[in-house]
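# Survey of secondary and tertiary structure
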Amino acid sequence: MSAVLPSTPFLEGHIQADHPLSPRSAVTRLAPLVKQIVGYTPQSLWDLETARLPKRLQAYRRKARAYAQTHLAPVALEMDALPHPPAGQWHPQLRAIVQEAGRQGWLTDIVPAPLGSCPWGEALHPMAWRCALKVEEFSRACGGLMLLLSAHLLGMAPILLSGQIPLMWRTLVPAAKANLRGQPHLFAFAITEPGAGSDAEDGHGAAANQPGLRARRARDGWLLNGQKVFISGGDLAEQLTVFAALEGEGFESWTCFLVDRTAPGFEVMRTELKMGMRASSAAQLSFQDVWVSDANVVGGLRQGWALNRATLNLSRLPVASMGVGLAQAAVDVAVAHACTIRLGGKPLIDYQDVQLTLAQMMAETSTIRALVWQGARTWAPRQGVASMAKFHCTDTAMRVIEQAMDLVGEGAVLHRTRLDKIYRDARLTQIFEGTNQINRLSLIEDLQEDLLSQLSPGARA
């Protein structure tokens, strides 16, 4: 029998797709009804996964990817290398990026009109899922620009979760209108303090610590005194949702206050020179007798802990998707490298050990994406599910990025390859929104009743 000659391109170590022994080619010879079950056409993993989304979310994911590739990816390396700006000052190019994002609705699409710009058809799908899709595509293009555009939504979350319609109308409606006009009106979320980082995101830690920022009753309102640190976008925000304990009480009295950047006594002390996500600032904020009216108490007195935990349950899934997007960016770089670099007279992609590495990276990235989507499909994400996604996705992303760096070799440390930036951006995702250690403990905290029920009698005797 004569050998079958290839009629289509193929990778070394494989047969061409139309070869009689190719699975895809073989199933075409089955009965028509059977082919509907087992037949398939060539598709990228991105297209394959997108097709599994509801129709409106398919369109949303494509729109987010197109925006990120057009407006974020081309300037990502340049924005990463900018000199550290003075606190509170916009770099002109960064401001232009935020203005355009605002005009296109990316700062307001978390909720529908009149509070935002999300089409009502999209709003039928859970907020965390929509945010996760957008954040992944933005992270894939640039982790820093993603955070610059996304931290604002975190700052809005306590207002939305407060259930206070008058407060939402008074704050979110004018902010949405300004953003859609291209006049940035950002919010920031302020919980972290110099003496309490992830302690503010863990009940046991909070019970054993004392809050630093305090609120004292004064003339139909409250005076805030203390500091917050590492607040994403805190120097550029027009308004901040700030968490403070009532004077003489602990974290259980935490209350959320809406603070205007123009309030007397409010000061941006500094912004940190960070290793990653450098296009987004991390600010240290000072409050010296900053007065907040009773009307700007978000959710009511002593409701701050509940608002904080509810916000984190929503936001940790999009943070997990940051890891997915950065892992996908590393896969993109590794694939491009393998397809363009030659070794021993043939492309790297023809070597099966390279193919094995790429396959592992692709599988791990698709797996963590599925974990995020599974957890985000519900309107009320559970703490354990959100925390598990956050720590597992971001830890896995670091492993994928390191595999890409190993594959690219010495080029991985060069800024132009993007891998050093992807690595630095991804490292932050293991730290903020609760360290991954705290998120592991949050999973166990959520399963306490089930775990306690399995303790053998006398186990603690």
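Since the model is a prediction, treat every value here as computed from it, not as a measurement.

Each helix and strand in the protein chain was counted, giving 16 helices and ten strands. Here the protein chain has a C-alpha radius of gyration of 25 Å; the compact-globule value for 461 residues is 23 Å, and the two agree. Each principal axis of the C-alpha distribution contributes one length, and for the protein chain these read about 95 × 65 × 45 Å. Per-residue burial over the protein chain gives 54% buried out of 461 residues. Contacts in the protein chain between residues far apart in sequence, at least 24 positions, make up 73% of those at least 6 positions apart. Per element, the accessible surface of the protein chain, about 20800 Å² overall, is 59% carbon and sulfur.

On the surface, L30, V34, I37 and V38 cluster together into a nonpolar patch covering about 340 Å² of accessible area. Here V38 shows up in helix 2 (residues 32-38).

Right, let's talk about the layout of surface pockets for a bit. Each pocket or cavity is described by its volume, and for the second largest pocket that value is around 410 Å³. L11, H14, R24, I349 and Q355 are the residues nearest the centre of the second largest pocket, which is lined by 16 residues in total. Secondary structure elements with two or more residues in the lining of the second largest pocket: helix 11 (304-340) and helix 12 (352-376). With four residues, the top contributor of residues to the lining of the second largest pocket is helix 12. Residue composition of the lining of the second largest pocket, by class: eleven nonpolar, four polar and one charged.

It is worth spelling out the environment of M269 at this point. With respect to the secondary-structure elements, M269 resides in strand 6 (residues 266-271). The class for M269 is partly exposed, based on a relative accessible area of 39%. Considering only alpha carbons, one finds M269 and E252, 17 residues apart in sequence, at a separation of 28 Å. Setting aside chain neighbours within four positions, we find M269 in contact with Q227, Q284, L285 and S286.

Here we come to the side chain of T311. Among the secondary structure elements, T311 is positioned in helix 11. Classification of T311 as buried rests on a relative accessible area of 1%. Residues in contact with T311, not counting those within four places in the same chain, are L154, A157, P158, L161 and F189.

Throughout the structure, instances matching the rule amount to 20 salt bridges. In this structure, K421 and D425 form a salt bridge, with 2.6 Å as the shortest nitrogen-oxygen distance. Of this pair, K421 and D425 both sit in helix 14 (residues 419-429), four residues apart, which is roughly one turn of the helix. Linked through salt bridges whose partners overlap, the residues forming this network are E49, R61, E136, E137, R140, D332 and R369.

Once that is clear, we can look at helix 6 (residues 92-103). Spanning twelve residues, helix 6 covers 17 Å between terminal C-alpha atoms, matching the ideal 16 Å at 1.5 Å per step. For helix 6, the complete set of buried residues consists of L94, I97, V98, A101 and G102. When helix 6 is viewed along its axis, its buried side chains cluster within an angular range of 135° and face the same direction. G105 occupies a position one or two residues after helix 6 and carries a positive phi of about 90°.

So, about empty space enclosed by the protein. Throughout the structure, instances matching the rule amount to four cavities of 30 Å³ or more. Its boundaries defined by the atoms lining it, the largest cavity holds a volume of some 270 Å³. P85, L94, R278, A279 and S281 are, among the 21 residues lining the largest cavity, the residues nearest its centre. The residue inventory of the lining of the largest cavity, partitioned by class, reads ten nonpolar, six polar and five charged.

Here the focus is the nonpolar core. Nonpolar side chains in soluble globular proteins tend to be buried together. Ranked by internal contacts, the top residues of the largest apolar core, which has 76 residues, are L72, F138, L145 and L419. At 14 residues, the largest contribution of residues to this core is made by helix 11. Filtering out sequence-adjacent residues up to four positions away, F138 remains in contact with A64, Y67, A68, L72, W106, M146 and L149. Formed by 28 residues, the second largest nonpolar core is a distinct cluster that contains L160, V173, A245 and F251.

Right, let's get into the packing of helix 8 (residues 143-162) against helix 9 (residues 165-180). Relative placement of two packed helices is described by the angle separating their axes and the distance separating the axes. For the pair helix 8 and helix 9, interaxial distance at closest approach is 9 Å and the crossing angle is 150°. Classified by the angle between their axes, helix 8 and helix 9 sit roughly antiparallel to one another. The way helix 8 lies across helix 9 gives a crossing that is left-handed. Residues H152, M156, I159, L160 and S162 of helix 8 touch helix 9, and the partners they reach there are L167, M168, T171, L172 and N179.

Turning our attention to the side chain of S139. Mapping S139 onto the fold places it in helix 7 (residues 127-141). Look past the residues within four positions of S139 in its chain and what remains in contact with it is M146, M322, G325 and L326.

A few words now on the packing of helix 11 against helix 12. Put simply, helix 11 and helix 12 touch, their axes get as near as 9 Å, and they point 160° apart. Comparing the axis directions of helix 11 and helix 12 gives the class roughly antiparallel. With respect to the hand of their crossing, helix 11 and helix 12 are arranged in left-handed fashion. Side by side, helix 11 and helix 12 meet where L317, A320, S321, G323, V324, A327, Q328, A330, V331, A334, V335 and A338 of the first sit next to V354, L358, M361, M362, T365, I368, R369, V372, G375 and A376 of the second. Per-class residue counts for the contact of helix 11 with helix 12 are 16 nonpolar, five polar and one charged.

About the thresholds
For every chain, the first residue of its written sequence is number 1, and the numbers climb from 1 along that sequence. Where local features are concerned, this predicted model is filtered to residues with pLDDT of at least 70; where side-chain atom pairs are given and counted, the filter is 80 or more; whole-chain, interface and lining totals use all residues. Water and hydrogen atoms play no part in the side-chain values, which are based on all heavy atoms of the structure. Secondary structure is summarised from DSSP: a helix means a run of H or I of at least four residues, a strand means a run of E of at least two, and numbering begins at the N terminus for each. The reference for a compact globule is 2.2 Å times residues^0.38; the radius of gyration itself is calculated from the C-alpha atoms. Any residue under 20% of the maximum accessible area for its type is buried, any over 50% is exposed, and the rest in between are partly exposed; the area is computed with a 1.4 Å probe on protein chains only. The criterion used for residue contact is that any of the two residues' heavy atoms lie within 4.5 Å. Accessible surface area values rest on a Shrake-Rupley calculation with a 1.4 Å probe, where residue burial reflects the displayed protein chains alone. Grouping into patches uses exposed residues only, defined as over 30% relative accessible area, and leaves out salt-bridged ones; the cut-off is 9 Å for like charges and 5 Å for nonpolar side chains (Val, Leu, Ile, Met, Phe, Trp, Tyr). Salt bridges are counted wherever a side-chain nitrogen of Lys or Arg sits within 4 Å of a carboxyl oxygen of Asp or Glu. The pocket and cavity definitions rest on a 1 Å grid over protein atoms only: a 1.4 Å probe that fits but cannot leave marks a cavity, an open set with protein on both sides within 12 Å along at least five of seven lines marks a pocket, and residues lining either have an atom within 4 Å of a point. Grid points are joined across faces, edges and corners, and a volume is the space filled by probe spheres set on the points. Under the scheme applied here, ten amino acids are nonpolar (Ala, Val, Leu, Ile, Met, Phe, Trp, Tyr, Cys and Pro), four are charged (Asp, Glu, Lys and Arg), and all others, including Gly, are polar. In this scheme, a helix's expected span is set at 1.5 Å multiplied by one less than its residue total. Summarising the geometry, the arc corresponds to the directions from the helix axis toward the C-beta atoms. Throughout this description, the term nonpolar core refers to a set of buried Ala, Val, Leu, Ile, Met, Phe, Trp, Tyr and Cys residues connected via side-chain atoms within 4.5 Å. Fitting a line to C-alpha atoms yields each axis, with helices limited to the stretch in contact; the angle taken between N-to-C directions then spans 0 to 180 degrees. Convention used here: angles under 35 degrees read as roughly parallel, angles over 145 as roughly antiparallel, angles from 65 to 115 as roughly perpendicular, and any remaining angle as oblique. Throughout, a crossing is termed right-handed when the near helix is turned clockwise from the far one, and left-handed when it is turned anticlockwise from it by less than a right angle.

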